[in-house]
Amino acid sequence: MNVIRTTPPRPFDVTTVFPQLAPLARPATRLHPRPGSPSPYDSSVGGPLLWPAGQRWPYCDKWHEGPASPLLPVAQLYVRDVPLLRAPGRCDLLQVLWCPFEHPPEYKPTTASYWQTAADVTNLLTAPPQPSEVEYDGYVPEPCVLAPEQITEYPNYLDLSEELQQQLADWSTWRAAGVAVDDSYEIAPQEFYMDELSLAPGWKAGGWPPWGLTDPIPRFCVACGVAMSPLLTIPSNEWGADNKGWIPYEDQALAALDDARVSNPPGVQISGGNNLQLYGCPEFHPHTDLIQ
(Lines give C-alpha, C1' and ligand atoms only; values in the text may rest on other atoms or scores of the structure.)
Protein backbone atom coordinates (compact mmCIF):
# COMPACT_ATOMS: atom_id res chain seq x y z
CA MET A 1 0.00 0.00 0.00
CA ASN A 2 1.70 3.17 -1.13
CA VAL A 3 -1.26 5.50 -1.48
CA ILE A 4 -3.43 7.20 1.12
CA ARG A 5 -6.95 8.53 0.71
CA THR A 6 -8.87 10.42 3.38
CA THR A 7 -12.63 10.97 3.25
CA PRO A 8 -13.66 14.39 4.57
CA PRO A 9 -15.76 14.20 7.75
CA ARG A 10 -19.51 14.30 7.24
CA PRO A 11 -21.11 17.76 7.54
CA PHE A 12 -22.37 16.75 10.99
CA ASP A 13 -23.18 13.67 13.05
CA VAL A 14 -26.55 12.60 11.68
CA THR A 15 -27.33 10.65 14.87
CA THR A 16 -27.56 13.90 16.83
CA VAL A 17 -30.59 14.83 14.73
CA PHE A 18 -31.95 11.33 14.22
CA PRO A 19 -30.79 9.21 17.18
CA GLN A 20 -32.74 6.23 15.81
CA LEU A 21 -29.92 5.84 13.28
CA ALA A 22 -27.23 5.20 15.91
CA PRO A 23 -27.85 1.45 16.32
CA LEU A 24 -27.94 1.08 12.51
CA ALA A 25 -24.34 2.26 12.00
CA ARG A 26 -22.13 -0.23 10.16
CA PRO A 27 -18.41 -0.27 9.46
CA ALA A 28 -17.31 -0.20 5.85
CA THR A 29 -13.95 -0.08 4.11
CA ARG A 30 -13.60 2.28 1.16
CA LEU A 31 -11.05 0.65 -1.12
CA HIS A 32 -10.08 3.74 -3.15
CA PRO A 33 -8.60 1.96 -6.23
CA ARG A 34 -6.07 4.16 -8.01
CA PRO A 35 -3.84 3.50 -11.04
CA GLY A 36 -0.79 1.43 -10.24
CA SER A 37 1.13 -1.79 -10.77
CA PRO A 38 0.01 -4.18 -8.02
CA SER A 39 1.74 -7.51 -7.51
CA PRO A 40 0.07 -10.79 -6.49
CA TYR A 41 1.11 -9.94 -2.93
CA ASP A 42 -0.94 -6.74 -2.89
CA SER A 43 -4.61 -6.04 -2.44
CA SER A 44 -5.82 -4.74 -5.77
CA VAL A 45 -8.57 -4.17 -8.30
CA GLY A 46 -7.82 -5.68 -11.71
CA GLY A 47 -4.40 -6.86 -10.58
CA PRO A 48 -2.71 -10.28 -10.66
CA LEU A 49 -3.98 -12.85 -8.20
CA LEU A 50 -2.03 -14.94 -5.72
CA TRP A 51 -3.40 -18.09 -7.33
CA PRO A 52 -1.98 -21.56 -6.60
CA ALA A 53 -0.47 -23.20 -9.69
CA GLY A 54 -2.16 -26.46 -8.73
CA GLN A 55 -5.66 -25.01 -8.42
CA ARG A 56 -7.87 -25.07 -11.48
CA TRP A 57 -8.54 -21.61 -12.89
CA PRO A 58 -12.30 -20.87 -12.98
CA TYR A 59 -14.13 -20.78 -16.31
CA CYS A 60 -17.60 -19.69 -17.41
CA ASP A 61 -19.54 -22.17 -19.53
CA LYS A 62 -22.88 -20.32 -19.60
CA TRP A 63 -24.29 -18.79 -22.78
CA HIS A 64 -21.01 -19.00 -24.66
CA GLU A 65 -20.66 -20.34 -28.17
CA GLY A 66 -17.69 -22.63 -28.37
CA PRO A 67 -15.39 -23.46 -25.43
CA ALA A 68 -15.83 -22.17 -21.89
CA SER A 69 -14.25 -18.78 -21.21
CA PRO A 70 -11.74 -18.13 -18.39
CA LEU A 71 -12.81 -15.62 -15.77
CA LEU A 72 -10.99 -12.32 -15.25
CA PRO A 73 -9.65 -11.03 -11.90
CA VAL A 74 -11.78 -8.25 -10.44
CA ALA A 75 -10.51 -7.77 -6.89
CA GLN A 76 -8.05 -9.29 -4.45
CA LEU A 77 -8.39 -8.30 -0.78
CA TYR A 78 -5.98 -9.33 1.96
CA VAL A 79 -7.59 -9.40 5.40
CA ARG A 80 -4.57 -7.47 6.73
CA ASP A 81 -5.73 -4.54 4.56
CA VAL A 82 -9.48 -5.01 5.01
CA PRO A 83 -9.80 -6.38 8.56
CA LEU A 84 -13.60 -6.25 8.61
CA LEU A 85 -13.59 -9.22 6.22
CA ARG A 86 -14.53 -12.36 8.10
CA ALA A 87 -12.55 -15.26 6.64
CA PRO A 88 -13.02 -19.00 7.09
CA GLY A 89 -10.41 -20.93 9.08
CA ARG A 90 -6.83 -19.89 8.31
CA CYS A 91 -7.78 -18.05 5.12
CA ASP A 92 -6.64 -14.45 4.82
CA LEU A 93 -7.23 -13.56 1.17
CA LEU A 94 -10.47 -12.99 -0.77
CA GLN A 95 -10.38 -13.17 -4.56
CA VAL A 96 -13.26 -12.15 -6.84
CA LEU A 97 -13.41 -12.92 -10.56
CA TRP A 98 -16.03 -12.56 -13.26
CA CYS A 99 -16.93 -13.37 -16.82
CA PRO A 100 -16.65 -10.19 -18.96
CA PHE A 101 -20.06 -10.79 -20.56
CA GLU A 102 -23.59 -9.87 -19.47
CA HIS A 103 -25.47 -13.12 -19.07
CA PRO A 104 -29.25 -13.57 -18.95
CA PRO A 105 -31.64 -13.47 -17.23
CA GLU A 106 -30.29 -10.46 -15.28
CA TYR A 107 -27.72 -9.44 -17.89
CA LYS A 108 -24.77 -9.03 -15.55
CA PRO A 109 -21.32 -10.63 -15.33
CA THR A 110 -21.19 -14.04 -13.70
CA THR A 111 -19.05 -13.71 -10.57
CA ALA A 112 -17.03 -16.19 -8.52
CA SER A 113 -15.26 -15.74 -5.18
CA TYR A 114 -12.51 -17.76 -3.51
CA TRP A 115 -10.73 -17.71 -0.18
CA GLN A 116 -7.02 -18.52 -0.03
CA THR A 117 -4.41 -18.83 2.70
CA ALA A 118 -1.57 -16.71 1.38
CA ALA A 119 1.17 -18.56 3.26
CA ASP A 120 0.13 -21.83 1.60
CA VAL A 121 0.57 -20.46 -1.94
CA THR A 122 4.20 -21.35 -2.53
CA ASN A 123 3.89 -22.23 -6.22
CA LEU A 124 2.19 -19.32 -7.97
CA LEU A 125 0.30 -19.40 -11.27
CA THR A 126 2.14 -16.68 -13.19
CA ALA A 127 0.32 -16.85 -16.54
CA PRO A 128 -3.41 -17.43 -15.98
CA PRO A 129 -5.59 -18.10 -19.04
CA GLN A 130 -7.20 -15.11 -20.73
CA PRO A 131 -10.58 -14.92 -22.48
CA SER A 132 -10.35 -14.71 -26.25
CA GLU A 133 -12.92 -11.89 -26.29
CA VAL A 134 -14.93 -9.65 -23.98
CA GLU A 135 -18.36 -8.13 -24.47
CA TYR A 136 -17.52 -4.67 -23.09
CA ASP A 137 -14.21 -3.04 -22.19
CA GLY A 138 -15.90 -1.89 -18.99
CA TYR A 139 -15.69 -5.45 -17.73
CA VAL A 140 -11.89 -5.50 -17.95
CA PRO A 141 -10.71 -3.58 -14.85
CA GLU A 142 -7.57 -1.52 -15.20
CA PRO A 143 -4.92 -2.56 -12.63
CA CYS A 144 -5.23 -0.47 -9.49
CA VAL A 145 -3.57 -0.38 -6.10
CA LEU A 146 -5.78 0.23 -3.08
CA ALA A 147 -5.79 2.68 -0.18
CA PRO A 148 -8.25 1.07 2.27
CA GLU A 149 -9.97 3.44 4.67
CA GLN A 150 -12.35 2.55 7.48
CA ILE A 151 -15.56 4.59 7.67
CA THR A 152 -19.03 4.37 9.23
CA GLU A 153 -22.18 4.12 7.13
CA TYR A 154 -25.90 4.40 7.77
CA PRO A 155 -28.67 2.66 5.81
CA ASN A 156 -29.94 3.67 2.44
CA TYR A 157 -33.10 5.76 2.80
CA LEU A 158 -35.12 2.86 1.35
CA ASP A 159 -33.85 0.53 4.09
CA LEU A 160 -35.33 2.70 6.85
CA SER A 161 -38.68 2.43 8.60
CA GLU A 162 -41.56 4.44 7.18
CA GLU A 163 -41.56 6.62 10.31
CA LEU A 164 -37.89 7.50 9.95
CA GLN A 165 -38.28 8.11 6.23
CA GLN A 166 -41.03 10.64 7.00
CA GLN A 167 -38.82 12.41 9.55
CA LEU A 168 -35.91 12.62 7.11
CA ALA A 169 -38.26 14.08 4.48
CA ASP A 170 -39.53 16.79 6.87
CA TRP A 171 -37.59 20.02 6.30
CA SER A 172 -38.78 21.44 9.63
CA THR A 173 -36.98 18.65 11.51
CA TRP A 174 -33.66 19.62 9.99
CA ARG A 175 -34.30 23.32 10.59
CA ALA A 176 -35.32 22.76 14.21
CA ALA A 177 -32.07 20.89 14.82
CA GLY A 178 -30.09 23.91 13.68
CA VAL A 179 -27.82 21.95 11.34
CA ALA A 180 -26.37 23.43 8.17
CA VAL A 181 -28.24 22.04 5.17
CA ASP A 182 -28.24 23.85 1.83
CA ASP A 183 -31.64 25.39 0.98
CA SER A 184 -31.58 23.53 -2.35
CA TYR A 185 -32.61 20.43 -0.35
CA GLU A 186 -35.71 22.09 1.13
CA ILE A 187 -38.12 20.28 -1.22
CA ALA A 188 -36.57 16.85 -0.53
CA PRO A 189 -34.22 16.94 2.48
CA GLN A 190 -33.98 13.16 2.48
CA GLU A 191 -31.75 13.57 -0.58
CA PHE A 192 -29.21 15.37 1.61
CA TYR A 193 -29.17 12.30 3.84
CA MET A 194 -28.68 10.05 0.83
CA ASP A 195 -26.02 12.22 -0.81
CA GLU A 196 -23.91 13.25 2.17
CA LEU A 197 -24.69 11.31 5.35
CA SER A 198 -25.48 7.67 4.68
CA LEU A 199 -23.61 5.53 2.11
CA ALA A 200 -20.18 6.23 0.68
CA PRO A 201 -19.96 5.89 -3.11
CA GLY A 202 -17.32 3.81 -4.85
CA TRP A 203 -15.60 0.47 -4.26
CA LYS A 204 -16.07 -0.77 -0.71
CA ALA A 205 -16.27 -3.83 1.50
CA GLY A 206 -19.01 -4.23 4.09
CA GLY A 207 -21.31 -1.36 4.95
CA TRP A 208 -24.84 -0.96 3.62
CA PRO A 209 -26.05 -1.82 0.09
CA PRO A 210 -26.84 0.94 -2.45
CA TRP A 211 -30.48 0.36 -3.31
CA GLY A 212 -32.15 2.38 -6.05
CA LEU A 213 -32.93 0.23 -9.07
CA THR A 214 -35.22 -1.83 -6.85
CA ASP A 215 -36.68 -1.57 -3.38
CA PRO A 216 -34.67 -3.43 -0.71
CA ILE A 217 -34.73 -7.18 -1.20
CA PRO A 218 -33.42 -9.33 1.67
CA ARG A 219 -30.80 -11.78 0.45
CA PHE A 220 -30.75 -15.28 1.91
CA CYS A 221 -28.25 -18.05 1.31
CA VAL A 222 -29.73 -20.74 -0.93
CA ALA A 223 -27.64 -23.39 0.87
CA CYS A 224 -28.49 -22.66 4.51
CA GLY A 225 -31.23 -20.00 4.47
CA VAL A 226 -29.24 -17.57 6.63
CA ALA A 227 -29.47 -13.84 5.90
CA MET A 228 -26.55 -12.60 3.81
CA SER A 229 -24.72 -9.31 4.27
CA PRO A 230 -22.90 -6.94 1.90
CA LEU A 231 -19.49 -8.32 0.98
CA LEU A 232 -18.22 -6.12 -1.84
CA THR A 233 -19.66 -3.19 -3.79
CA ILE A 234 -18.39 -2.96 -7.38
CA PRO A 235 -19.44 0.46 -8.74
CA SER A 236 -19.26 2.27 -12.04
CA ASN A 237 -17.51 5.27 -10.50
CA GLU A 238 -15.90 6.47 -7.28
CA TRP A 239 -18.20 9.47 -7.02
CA GLY A 240 -20.80 11.37 -9.02
CA ALA A 241 -22.32 14.81 -9.33
CA ASP A 242 -24.63 14.27 -6.33
CA ASN A 243 -22.06 13.00 -3.82
CA LYS A 244 -18.88 15.01 -4.35
CA GLY A 245 -18.68 15.60 -0.61
CA TRP A 246 -17.22 12.08 -0.38
CA ILE A 247 -14.25 12.87 -2.65
CA PRO A 248 -11.04 12.25 -0.66
CA TYR A 249 -8.94 15.28 0.12
CA GLU A 250 -6.10 13.86 -1.98
CA ASP A 251 -8.30 13.69 -5.11
CA GLN A 252 -10.14 16.99 -4.92
CA ALA A 253 -7.79 18.97 -7.15
CA LEU A 254 -7.91 16.36 -9.91
CA ALA A 255 -11.66 15.83 -9.44
CA ALA A 256 -12.19 19.47 -10.38
CA LEU A 257 -11.11 18.53 -13.91
CA ASP A 258 -14.23 16.35 -14.20
CA ASP A 259 -12.26 13.60 -15.94
CA ALA A 260 -13.79 10.09 -15.96
CA ARG A 261 -10.31 8.63 -15.48
CA VAL A 262 -10.18 10.37 -12.10
CA SER A 263 -13.66 9.41 -10.92
CA ASN A 264 -13.39 5.84 -12.26
CA PRO A 265 -9.75 4.65 -12.25
CA PRO A 266 -10.57 0.94 -12.86
CA GLY A 267 -12.74 1.92 -15.86
CA VAL A 268 -15.46 -0.53 -14.80
CA GLN A 269 -19.00 0.04 -16.07
CA ILE A 270 -21.73 -2.14 -14.60
CA SER A 271 -24.72 -2.53 -16.90
CA GLY A 272 -24.83 1.08 -18.02
CA GLY A 273 -23.51 2.80 -14.90
CA ASN A 274 -24.91 0.84 -11.95
CA ASN A 275 -23.43 -1.07 -9.00
CA LEU A 276 -22.90 -4.79 -8.66
CA GLN A 277 -23.40 -5.73 -5.02
CA LEU A 278 -21.96 -9.01 -3.75
CA TYR A 279 -23.49 -10.57 -0.64
CA GLY A 280 -21.68 -13.07 1.57
CA CYS A 281 -23.01 -15.94 3.65
CA PRO A 282 -21.82 -16.02 7.28
CA GLU A 283 -21.35 -19.79 6.87
CA PHE A 284 -19.15 -19.20 3.80
CA HIS A 285 -21.46 -20.80 1.28
CA PRO A 286 -21.26 -19.32 -2.26
CA HIS A 287 -22.00 -15.60 -2.47
CA THR A 288 -24.81 -14.03 -4.46
CA ASP A 289 -24.94 -10.73 -6.33
CA LEU A 290 -27.42 -8.15 -7.52
CA ILE A 291 -27.29 -5.08 -9.76
CA GLN A 292 -28.32 -2.06 -7.64
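That block above? That's the structure.
Residues numbered from 1 in each chain as written. Predicted model: local features only at pLDDT ≥ 70, side-chain atom pairs only at ≥ 80, totals over all residues. Heavy atoms only, no water.

J.: Help me understand the sheet that holds strand E12 (residues 229-234), please; the structure alone is not making it clear to me.
T.: Two strands in a sheet stick together by hydrogen bonds in their backbones, pointing the same way (parallel) or opposite ways (antiparallel). Taking strand neighbours across the sheet as the criterion, the 6 strands line up as E10-E1-E11-E12-E13-E14 in an open arrangement whose pairing is antiparallel. A strand with exactly one partner marks an edge of an open sheet, and here the two such strands are strand E10 (149-153) and strand E14 (288-291). Neighbour-to-neighbour, the strand axes of this sheet turn through a mean angle of 25°, independent of strand direction. Sheet topology note: the strand E1 (residues 26-30)/E10 ladder contains 5 bridges and is antiparallel. (Pairing = 2+ DSSP bridges. Helix = DSSP H or I, 4+ residues; strand = E, 2+ residues; numbered from the N terminus. Axes fitted to C-alpha atoms, helices over the stretch in contact; angles between N-to-C directions.)

J.: So what exactly am I meant to see when it comes to the side chain of Ser69 here?
T.: Take Ser69: it is sitting in strand E5 (residues 69-70). Apart from the residues within four sequence positions on either side, Ser69 is in contact with Tyr59, Cys60, His64 and Pro131. (Contact = heavy atoms within 4.5 Å.)

J.: Before we go on, may I ask you to explain the environment of Glu135 in this structure?
T.: Tracing the backbone through its elements, the reader meets Glu135 in the loop between strand E8 (111-116) and strand E9 (144-145). Overall, Glu135 belongs to the partly exposed group, its relative accessible area being 33%. Sequence-wise, Glu135 and Pro109 are 26 residues apart; in three dimensions their C-alpha atoms are separated by 9.9 Å. If sequence neighbours within four positions are ignored, Glu135 has contacts with Pro100, Phe101 and Glu102. Within the local environment of Glu135, its side chain forms a polar contact with the backbone nitrogen of Glu102, the two atoms lying 2.6 Å apart. (Buried < 20%, exposed > 50% of the residue type's maximum accessible area, 1.4 Å probe, protein only. Polar contact = N/O pair within 3.5 Å; in protein donor to acceptor, adjacent residues only side chain to side chain.)

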